[in-house]
Amino acid sequence: MKDYKDYSLLRHNTFGIDARCRRFLEYDSTDDARQVAEHLRSGEPYLIIGGGSNLLLTRDFEGTVVRSAMRGIEVTADGNDVLLTCGSGEVWDDVVAFAVGQGFYGAENLSLIPGDVGASAVQNIGAYGAEAAQLIETVKAVSVATGDVCTFANADCQYGYRQSRFKHAWKNQYLITRVTYRLHRQAALNLDYGNIRAELERQGIAEPTLAQLRQVIIDIRRAKLPDPKVQGNAGSFFMNPVVSREKFESLLADYPQMPHYHVDDAHEKIPAGWMIDQCGWKGRSLGPAGVHDKQALVLVNRGGATGADIVRLCEAIRHDVSQRFGIDIHPEVNII
């Protein structure tokens with residue numbers, strides 16, 4: 001277990017904010033996690049993080065920051081399916097690359113999403129018509145309150161769009177140690193979301209292999225999302241709002257070209273990035289914080305931005321979207 005005092009979190013957040021914490025603990029085994037849990041019961045404030053790709057720090061943290069360094073991928077056969085049990089500190093995209101390399105279907109549309117395995121179970125990461133909740137079988141974690149090792153089934157976690165009990169009712173109550181995903185040996189590709197088919201056609205691919213689909217997803221993401229190593233960002237900053245059928249039809253009358261995704265008979269999902277673009281924010285800046293010029297859903301650190309600068313930009317965008325569309329958009333990023 002690593003234990004540091006007065007520790008910089010610069011390497012642990014992709015916005016590139018140089019905030020500090022009083023103490024930093026990193027566990028790489030279940031026994032370590034139980035020791036960390038014992039420390040956290042002392043009453044000092046604490047924050048559990050992953051790779052920092054969904055985190056905006058607005059201040060130094062006067063307490064303990066905890067992250068997992070648990071590694072390893074174990075494969076178990078289960079009929080036509082396979083179960084991948086992964087350490088919570090594994091890089092998510094490394095797990096996807098492993099699955100694709102082994103010919104296991106199900107995770108490929110989630111290629112190149114930044115962050116760790118543990119965060120996938122908290123945030124219910126998603127992209128291109130897929131989300132982690134469709135794959136997660138069980139989540140193992142250590143209770144901070146008791147030190148007990150718990151196993152949660154998918155249904156226990158109450159997954160929703162970018163939501164879970166770990167993010168709300170169970171926030172900071174568990175140290176996730178391992179996540180088990182159910183993948184498939186039989187081919188089942190999801191090509192019908194966003195511009196996947198258009199990109200396949202552009203590349204002259206009629207019937208993609210698993211590896212080709214992963215590469216296409218990577219190509220699409222790289223074409224419109226900035227590399228956080230070059231320009232600080234946390235990927236998609238806002239969640240796409242789900243609105244009532246009545247609200248959707250009202251907006252569609254005014255914006256007949258508005259993109260949308262069917263949720264159910266009573267709801268439609270409207271891309272927040274499209275609304276932000278319609279408000280004229282794409283490519284604009286507010287001080288050192290800006291909106292990416294290729295994807296309006298992404299807020300960027302143009303150099304020297306503080307967390308407060310990013311929040312100020314966020315609130316200005318939310319105000320304009322609300323004024324124009326009558327819709328409140330909410331950050332997907334965890335603001336501390």
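Residues numbered from 1 in each chain as written. Predicted model: local features only at pLDDT ≥ 70, side-chain atom pairs only at ≥ 80, totals over all residues. Heavy atoms only, no water.

Enquirer: What should I look at first to understand the overall build of the chain in this one?
Expert: A count of helical and extended segments in the chain gives eight helices and 20 strands. Its C-alpha atoms give the chain a radius of gyration of 20 Å, within 12% of the compact-globule value 20 Å for 336 residues. Long-range contacts, defined as pairs at least 24 residues apart, comprise 62% of the intrachain contacts of the chain with a sequence gap of at least 6. Surface summary for the chain: the accessible area is close to 15100 Å², and the carbon and sulfur share equals 46%. (Helix = DSSP H or I, 4+ residues; strand = E, 2+ residues; numbered from the N terminus. Rg over C-alpha atoms; globule rule 2.2 N^0.38 Å. Contact = heavy atoms within 4.5 Å. Areas by Shrake-Rupley, 256 points an atom, 1.4 Å probe, with all protein chains shown as cover.)

Enquirer: Would you mind going over helix H5 (residues 210-224) with me for this structure?
Expert: Side chains of residues three or four places apart in an α-helix project in the same direction, reflecting 3.6 residues per turn. A rise of 1.5 Å per residue sets the reference length of H5, with its 15 residues, at 21 Å; its end C-alpha atoms lie 22 Å apart and thus fit the reference within 8%. Every buried residue of H5 is accounted for by Leu210, Leu213, Arg214, Val216, Ile217, Ile218, Ile220 and Arg221. Along its buried surface, H5 packs onto helix H2 (92-102), strand E8 (126-127) and helix H4 (196-202). (Expected span 1.5 Å × (residues − 1). Buried < 20%, exposed > 50% of the residue type's maximum accessible area, 1.4 Å probe, protein only.)

Enquirer: Is there a simple way to explain the pairing of strand E6 (residues 73-78) in this structure?
Expert: Consecutive side chains along a regular strand alternate between the two faces of the sheet. Taken together, the six bridges between E6 and strand E7 (residues 81-87) define a ladder with antiparallel strand orientation. The residue bridging Ile73 from the neighbouring strand is Cys86, located in E7. Hairpin connection between E6 and E7: a loop of two residues separates the two successive antiparallel strands, and Gly79 in this loop has a positive phi of roughly 65°. (Pairing = 2+ DSSP bridges.)

Enquirer: Can you walk me through the sheet that holds strand E16 (residues 267-269) in this structure?
Expert: Two pairing modes exist for strands in a sheet, parallel and antiparallel, and in both the strands are linked by backbone hydrogen bonds. Ordered by their spatial adjacency, three strands build an open sheet running E14-E16-E15, and the pairing between neighbours is antiparallel. A strand with exactly one partner marks an edge of an open sheet, and here the two such strands are strand E14 (242-244) and strand E15 (261-264). Looking at each pair of strands side by side, their axes are set apart by 35° on average, direction ignored. In the sheet, E15 pairs with E16 via three bridges, with the strands oriented antiparallel. Counterpart to Tyr261 in the pairing with E16 is Lys269. (Axes fitted to C-alpha atoms, helices over the stretch in contact; angles between N-to-C directions.)

Enquirer: Please explain the sheet that holds strand E3 (residues 46-49) as it appears in this structure.
Expert: In space, the four strands of this open sheet follow the order E1-E2-E5-E3, with mixed pairing throughout. Each edge of the open sheet carries a strand with a single partner, namely strand E1 (2-8) and E3. The average angle at which neighbouring strand axes cross in this sheet is 25°, direction not considered. With four bridges connecting them, E3 and strand E5 (residues 61-68) associate as parallel partners. Counterpart to Ile48 in the pairing with E5 is Val66.

Enquirer: I keep staring at the environment of Arg284 and nothing clicks. Help me out?
Expert: Along the chain, Arg284 turns up in the loop between helix H7 (272-278) and strand E17 (285-286). Sequence spacing of Arg284 and Gln231 is 53 residues, and the spatial spacing of their C-alpha atoms is 15 Å. With near-sequence residues (within four places) excluded, Arg284 lies in contact with Cys279, Gly290, Val291 and Arg302.

Enquirer: Mind showing me how you'd approach the packing of H2 against H5 here?
Expert: Running from N to C, H2 and H5 point in directions that differ by 155°, and their axes come no closer than 9 Å. Classified by the angle between their axes, H2 and H5 sit roughly antiparallel to one another. Here Asp93, Val96, Ala97 and Val100 of H2 come into contact with H5, specifically with Leu210, Ala211 and Arg214. A per-class count over the contact of H2 with H5 returns five nonpolar, no polar and two charged. (Parallel < 35°, antiparallel > 145°, perpendicular 65-115°, else oblique. Nonpolar A, V, L, I, M, F, W, Y, C, P; charged D, E, K, R; others polar.)

Enquirer: Looking at this model, I keep getting lost on the environment of Tyr4. Mind explaining?
Expert: Within the element layout of this structure, Tyr4 appears in strand E1. A C-alpha to C-alpha distance of 8.4 Å links Tyr4 and Arg22, two positions 18 residues apart in sequence. In contact with Tyr4, other than residues within four places in its own chain, are Arg22, Arg23 and Phe24.

Enquirer: What is the right way to read the packing of aromatic side chains from this model?
Expert: Between two aromatic rings, the relevant description is the distance of the centres plus the angle of the planes. All told, the structure shown has 16 aromatic pairs when counted by the stated rule. Ring geometry for Tyr4 and Tyr7: centres 5.1 Å apart, planes at 15°, overall stacked. Tyr7 sits in the buried class, given a relative accessible area of 12%. On the basis of an interplanar angle of 20° and a centroid distance of 4.3 Å, the ring pair of Tyr7 and Phe24 is categorised as stacked. Of this pair, Tyr7 sits in strand E1 while Phe24 sits in strand E2 (residues 20-27), placing them 17 residues apart in sequence. Clustering of aromatic rings is evident, with ring pairs tying together Phe152, Phe166, Trp170 and Tyr174. Over the aromatic face of Tyr161 sits the side chain of Lys269, whose NZ or CZ is 4.2 Å from the ring centroid. (Phe/Tyr/Trp six-rings, centres within 6.5 Å; stacked < 30°, edge-to-face > 60°. Lys NZ or Arg CZ within 6 Å of the ring centre and 35° of its normal.)

Enquirer: What is the right way to read the environment of Lys2 from this model?
Expert: Mapped onto the secondary structure, Lys2 falls in strand E1. As a C-alpha pair, Lys2 and Gln186 span 184 residues in sequence and 41 Å in three-dimensional space.

Enquirer: I tried to follow the side chain of Gln295 on my own but got confused; where do I start?
Expert: Summarising the element assignment, Gln295 is placed in the loop between strand E18 (289-291) and strand E19 (298-301). Looking at Gln295, the relative accessible area reads 17%, which means it is buried. Looking at Gln295, its side chain comes within polar contact range of the main-chain nitrogen of Leu297, at 3.0 Å. (Polar contact = N/O pair within 3.5 Å; in protein donor to acceptor, adjacent residues only side chain to side chain.)

On their own, these measurements won't tell you what the molecule is for.
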